[in-house]
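# Chain and residue survey
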Amino acid sequence: MVFSSQIFLFIFLPLCLLGAYLVRPDFRKYFLILASLAFFTWTSKEALVIFVVFVLINYSFGLLLGKTRSKDTLVKKISIWLVVLTNVAFLLAFKYLPFMTSSLSGVTGVELPKIDLPVLLGVSFFVFSAISYQYDIYYNKIAPQKNLADFVLYMSFFPKLLQGPITRAGDFATQLAATKLDLDKLSRGVYRFTVGLAKKVIIADQLGAMVDLIFANPANANGVSIAWLGAFGYAMQIFFDFSGYTDMAIGLGQMLGFDLPENFNFPYLALNISDFWRRWHITLSSWFRDYVFYPLEFKRRKQKVFRTESNTLIVFFLTGFWHGAGWQFIAWGLWHGLFSSLEAFLRAKKVKAKAPAAVRYLVTMLIVLIGWVLFRSPDLGYGLKYLGVMFGLVKPLETGLTLGWYLNAKVAFILMLAVLACIPWKQWLPKYFEKMSGSRLNDPLRLIVFLILLGFSIMMVMSSTYSSFIYFKF
Amino acid sequence: MKSTTSKVLIVIAFLAVLILPVLESDKVGGALSPYENRYLAKFPPFFDETNNFSKEFKSGFETWLNDNLGGRQKLIRLSKTINFRFFGELGFFGYRVIKGPNGWLFYAPDPEIPYIVNSFVPDDVVTKSIKDSFERIADELEDSDISLVVAMFPSKFNVYPEELPTSLKLLNKSSAAEVIDEALKNADGFSYGSPFNELVVSKSVFPTYSRAYDIGHWNQYGAFIGYSALMKAAKQQIPDLRILTEENFTITQVERELKTEWGFSSKEIDLHYEPDFTRTAVEDTGFFERINYTSKDTWKSYRYYKNSDASLPRAILVGDSYVWQFLLNNVAESFSELVFIHYLDLDQVNGLLTVIEPDVVMLMGQGFPAVWALSQLSITNLSAEIISHDTPTTVERGESYNVNIVVRNSSDQAWSEDEQVRLCIFQDGKDFGYRINLPGGVKVDPGQEYTFVLYNFRVNDVDSTYLEYQMIKEGYQFFGEKERVDIVVE
């Protein structure tokens, strides 16, 4: 069940809000657990059973780690390794098994049997939530959650279940203890949710249709300009899709009394790759920073040469692999890792960039764009060939389709909207916004913007189910 | 938001937008959608036939909800209007319809693009193989004294390439249709009808294809040119064949207009052909049911015409919408019996040959892909008789039965598993893919009988059912007699 589906918008969400606001406050978390499990069950009953078992195992692990906190270091270490490896094994099994077996078959030449496990939506997110919880206990940042209901809600809370933001157990528990539903939070949540819905259905989905057409062609069957359009369109699509989803998740959280962490901060304004990762998928970057990068830095603290650079590469390799089971994702991660390492190296050598900001910006965006091509490609070979076309290294086939075939008036308009929406107007025009904020027109204007976004989004959602059946071609 | 009023208004507006469409939804569903030309989904049943909670309910409920929310039709219309007014989008969702600079509309889904921009042009090997295939079919038909006529009708974009939008660039001067058209003109053993040239030449006098009223077809004038070319080719095989000419009709110019709810409109002219004679060919709608016709044709375009003049020749006509929407009435006037099937049902031709015993088989289609598909026809002389079977007409629920079906090979070719000749078991009129294979090494020669055994036939869920038996050559055709047995479950 995705947030922009009709079943979620028109059935699940109203019922969930109604329930959350009508039940007694002390029953609210039980209601939210039920709602979250129902949300998850919509995928499949089998997936729910596996998820519940996973949650219960991690609940037990948490208690176990809590008990080893006072024990000697070896017992503690063995426990955390056991816990983390179990979670990683779960992730590998449910997300990477087909990739691993096909890669192994490719390397060894031995046909390995296919094992079909149920699809667990959001597995990467909830496994990372579980690992962070266990690590935080291990590092004594939090106490193990003894209240099973609180733990189940942390793991299953439906706004963040499928695509994050990845929430830390400590933050969630603090909020859960002080959850309060009020009009202010509700209205802010509604506004934020609507903005996210608009980003998703008005921008991302519309661009997605064009991008899908381009990437459905063989890699060398797009002309140079079309290949660039596809790359740019995808850069916009993925940002508005993911940030739209995050806005909806944060909005839903607010409607239900929680403040989920932010995930984006105008990433397409970054001036270098490290900066980009401070702005893009922030909760994932900070997860890798806290649970992989810092421990690696600490563990290898005696190594003086190439430590941070190699640790950065390891983190980005894992980041790429986390995003998907395919070499193209690993290549994408390493591509970003390469530049992040280089930047770390230059920082260590205290080399300062002398190029003007505009040049740094363009170079950064070019690196990001190249990365997105790899990310969007069905496989690594396709991505490299596609990039070859973009940079004139591969001669494209003549298809007869010009740039105008893909870049029609609507796509051009939506791309323009997307570019405008990437700009932090509030930061760039602070005086204007301060003035507006104090003005009597502020609320009516915001209300009008809200109604327009809501109206258009609902129109897009409903008309997306349109399917005609005109028998003019047989 | 600072004021409480604004906050309340936002929440109320949000909840209203989410709740009102559900309250206003069509709770039953199944209504006809004027914008989509289809029936919307009905509310699904909670329980299945065995009174258990239906496994299909979840997906059925979502489909019903997506189709029937209150205000959906109005929002679709609004969306189309905005898209048309602001971006020039035509609004025929679900299909790629493109517009040329002079307002010509073309049907251009992805698979058609190579044929539109001429990026695919068949080479000599391909054209020769298609030509050879038709010559082979002609040979196979000749064994049964049946003539073959082939015709290709060019697509709208082949005749009006100058009206295509500038976002498409033609990569070759010749289209795939033109290349195959030229090749088939020089074929032997069958007659080939080509209206291509006349459709191109005549368009300077009067449009031969619909500009926008019909996105993918010729108009009545173009269709009459196509009819004349087809019948001229058929006359080469049947010299006495009656052909209708313009003299048989009163022809008037008519204006047609396509007007959509979202603001698109386009007017064009066409010709109307009013016959000056009384049509003698009559459609018999029960024919296909009587012969237990099994079809893959989504549009159920198959037709059967019978003419009061029994002395006329008989024909099987295989084609597409260019034929059945435009030509059938006129073609039927020249035959005592005429069967039309869509080329998706090409594997049914062999079965129909034994039913109709035609004088001529006519294969025609629009553009290169249709001609290529038609060239895949394989004429076989397979036939079979169901000699006997011991299917119980009353069975105990859940009880297993073995059924023996004795079939005689009445064709002139041997059957074997290597040839993929099998017995097909239909249940309740549907082919669920259940087959009884001949054991490896077993060969049933012409005239021989073979007993197929259906093991462990069992009925659990229903009160009555029926089985049908018919032989099949997998991937080609069902053939021979089809036997039906009704079974009561106790």
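Conventions and cut-offs
- Residues numbered from 1 in each chain as written.
- Chains lettered and ligands numbered in written order.
- Predicted model: local features only at pLDDT ≥ 70, side-chain atom pairs only at ≥ 80, totals over all residues.
- Helix = DSSP H or I, 4+ residues; strand = E, 2+ residues; numbered from the N terminus.
- Rg over C-alpha atoms; globule rule 2.2 N^0.38 Å.
- Buried ≥ 20, exposed ≤ 12 C-beta atoms within 10 Å, placed from the backbone.
- Contact = placed C-beta atoms within 7 Å.
- Pairing = 2+ DSSP bridges.
- Axes fitted to C-alpha atoms, helices over the stretch in contact; angles between N-to-C directions.
- Expected span 1.5 Å × (residues − 1).
- Core = buried A, V, L, I, M, F, W, Y, C linked by C-beta atoms within 7 Å.
- Domains from an automatic or database assignment.
- Nonpolar A, V, L, I, M, F, W, Y, C, P; charged D, E, K, R; others polar.
- Parallel < 35°, antiparallel > 145°, perpendicular 65-115°, else oblique.
- pLDDT = per-residue confidence, 0-100.

Helix and strand content of chain A: 21 helices and zero strands. For 474 residues, the compact-globule estimate of 2.2 N^0.38 gives 23 Å, and chain A sits close to it at 24 Å. For chain A, the spread of C-alpha atoms along the three principal axes comes to 70 × 60 × 60 Å. Of all 474 residues assigned to chain A, the portion counted as buried reaches 42%. Within chain A, counting contacts between residues at least 6 apart in sequence, those at least 24 apart form 74% of the total.

This brings us to the overall build of chain B. Along its length, chain B carries 14 helices and 23 strands. A principal-axis box enclosing the C-alpha atoms of chain B has dimensions of 90 × 65 × 45 Å. Here chain B, with 490 residues, has 37% of them falling under the buried criterion. In chain B, 68% of the contacts between residues at least 6 apart in sequence involve partners at least 24 apart.

Here we come to the sheet that holds strand 14 (residues 384–389) of chain B. Residues and elements named next belong to chain B. Judged by pairing direction, the sheet is antiparallel, and its three strands sit side by side in the order 14-16-21 without closing on themselves. Looking at strand neighbours, the two that pair on one side only are strand 14 and strand 21 (449–457), the edges of this open sheet. Going across the sheet, the axis of each strand differs from the next one's by a mean of 30°, ignoring polarity. For strand 14 and strand 16 (residues 401–409), the ladder comprises five bridges, and the chain directions are antiparallel. Bridge pairing links Ser388 to Val406 in strand 16.

Every α-helix carries 3.6 residues per turn, so stepping three or four residues along brings you back to the same face. Relative to the 32 Å expected for 22 residues at 1.5 Å per residue, helix 21 (residues 442–463) of chain A spans 31 Å between its end C-alpha atoms, a close match to the ideal helical length. By the burial criterion, the buried members of helix 21 of chain A are A:Phe450, A:Leu454, A:Ser457, A:Ile458, A:Met459, A:Val461, A:Met462 and A:Ser463. Where helix 21 of chain A is buried, its residues touch helix 1 (6–22) and helix 9 (183–216) of chain A together with helix 1 (4–23) and helix 3 (72–87) of chain B.

Quick look at the nonpolar core now. One recurring pattern in soluble globular proteins is that nonpolar side chains are buried together. Judged by nonpolar contacts, the single largest core of 221 residues is most densely connected at B:Val150, B:Ala151, B:Leu317 and B:Met362. Here B:Leu317 is in contact with B:Val323, B:Val331, B:Leu338, B:Val339, B:Phe340 and B:Met362, once residues within four sequence places are set aside.

Per the domain assignment, the segments making up chain B are domain 1 (22–70), domain 2 (105–374) and domain 3 (384–489). Placing the centre of domain 1 of chain B and that of domain 3 of chain B at their C-alpha centroids yields a distance of 38 Å.

Once that is clear, we can look at the interface of chain A and chain B. Counting from both sides, the interface comprises 45 residues of chain A and, opposite them, 58 residues of chain B. Secondary-structure elements contributing two or more residues to the side of chain A that touches chain B are helix 1, helix 9, helix 17 (403–406), helix 18 (409–421) and helix 21 of chain A. Among the elements that line the side of chain A that touches chain B, the one with the most residues is helix 21 of chain A, at 10 residues. Looking at the side of chain A that touches chain B residue by residue, the classes come out as 27 nonpolar, 12 polar and six charged.

On to the sheet that holds strand 10 (residues 303–307) of chain B, then. Residues and elements named next belong to chain B. In space, the seven strands of this open sheet follow the order 6-5-13-11-12-10-9, with mixed pairing throughout. Whereas interior strands pair on both sides, the edge strands pair on one side only; in this sheet they are strand 6 (191–193) and strand 9 (281–283). Averaged over all pairs of adjacent strands, the angle between their axes in this sheet comes to 20°, without regard to strand direction. Across the sheet, helix 7 (residues 176–185) touches strand 5 (147–153) and strand 6, and the angle it forms with strand 5 is around 155°. The sheet strands contacting helix 9 (residues 220–237) are strand 5, strand 6 and strand 13 (360–366), and the helix crosses strand 6 at an angle near 170°.

Before going further, it helps to spend a moment on the packing of helix 1 of chain A against helix 2 (residues 57–68) of chain B. Viewed as axis vectors pointing N to C, helix 1 of chain A and helix 2 of chain B meet at an angle of 95°, and their least axial separation amounts to 10 Å. When the axis of helix 1 of chain A is compared with that of helix 2 of chain B, the two are roughly perpendicular. Residues A:Gln6, A:Ile7, A:Phe10 and A:Ile11 of helix 1 of chain A form the contact with helix 2 of chain B, whose own contacting residues are B:Glu62, B:Leu65 and B:Asn66. Here the residues of the contact of helix 1 of chain A with helix 2 of chain B are counted per class, giving four nonpolar, two polar and one charged.

Mean pLDDT over chain B works out to 91, with 99% of the residues at or above the 70 mark. Confidence estimates for the predicted assembly give a pTM of 0.81 and an ipTM of 0.88.

What follows is about the domain arrangement of chain A. Residues and elements named next belong to chain A. Along its sequence, chain A is organised into domain 1 (6–179) and domain 2 (186–429). Between the C-alpha centres of domain 1 and domain 2 there is a distance of 26 Å. Each partner contributes to the interface: domain 1 provides 21 residues, whereas domain 2 provides 20 residues. Those elements that provide at least two residues to the side of domain 1 that touches domain 2 are helix 1, helix 4 (73–108), helix 5 (123–138) and helix 7 (158–161). No other element matches the five residues that helix 5 contributes to the side of domain 1 that touches domain 2. Residue composition of the side of domain 1 that touches domain 2, grouped by class: 12 nonpolar, seven polar and two charged.

For the rest of this paragraph, the subject is the pairing of strand 12 (residues 337–342) of chain B. Residue and element names in this part refer to chain B. The element strand 12 is extensively covered by neighbouring structure, given that six of its six residues are classed as buried. Both faces of strand 12 are covered, namely the face carrying Glu337, Val339 and Ile341 and the face carrying Leu338, Phe340 and His342. The pairing of strand 10 with strand 12 spans four bridges and is antiparallel. Among the inter-strand pairings, Tyr304 is bridged to a residue of strand 12, identified as Val339.

This next bit is on the environment of B:Ile215. All names here are of chain B. Mapped onto the secondary structure, Ile215 falls in the loop between helix 8 (196–202) and helix 9. Using a count of 22 C-beta atoms within 10 Å as the deciding quantity, one classes Ile215 as buried. It is 7.6 Å that separates the C-alpha atoms of Ile215 and Val97, two residues lying 118 residues apart in sequence.

Structurally, the position occupied by A:Leu183 is in helix 9. Residue A:Leu183 is classed as partly exposed on the basis of its C-beta count, with 13 C-beta atoms lying within 10 Å. Sequence spacing of A:Leu183 and A:Met255 is 72 residues, and the spatial spacing of their C-alpha atoms is 8.8 Å. If sequence neighbours within four positions are ignored, A:Leu183 has contacts with B:Thr4, B:Lys7 and B:Val8.

Residue A:Gly164 is joined to A:Pro165 through a cis peptide bond whose omega torsion reads 5°. Checked against the element boundaries, A:Pro165 lands in the loop between helix 7 and helix 8 (169–177).

Turning our eyes to something else, we now look at the confidence of the model for chain A. Averaged over all residues, the pLDDT of chain A is 89; the fraction at 70 or higher stands at 98%. Low pLDDT (under 50) marks residues 467–474 of chain A, which in the prediction has 27 contacts with non-local residues, meaning those over four places away or in another chain.

The next thing to look at is the environment of B:Tyr322. Residue and element names in this part refer to chain B. If you trace the backbone, Tyr322 turns up in helix 11 (residues 321–324). On the neighbour-count criterion, Tyr322 (26 C-beta atoms within 10 Å) is buried. The spatial distance from the C-alpha of Tyr322 to the C-alpha of Ser210 is 12 Å, given a sequence separation of 112 residues. Other than its neighbours up to four places away in sequence, Tyr322 contacts Phe153, His217, Trp218, Gly226 and Gln366.

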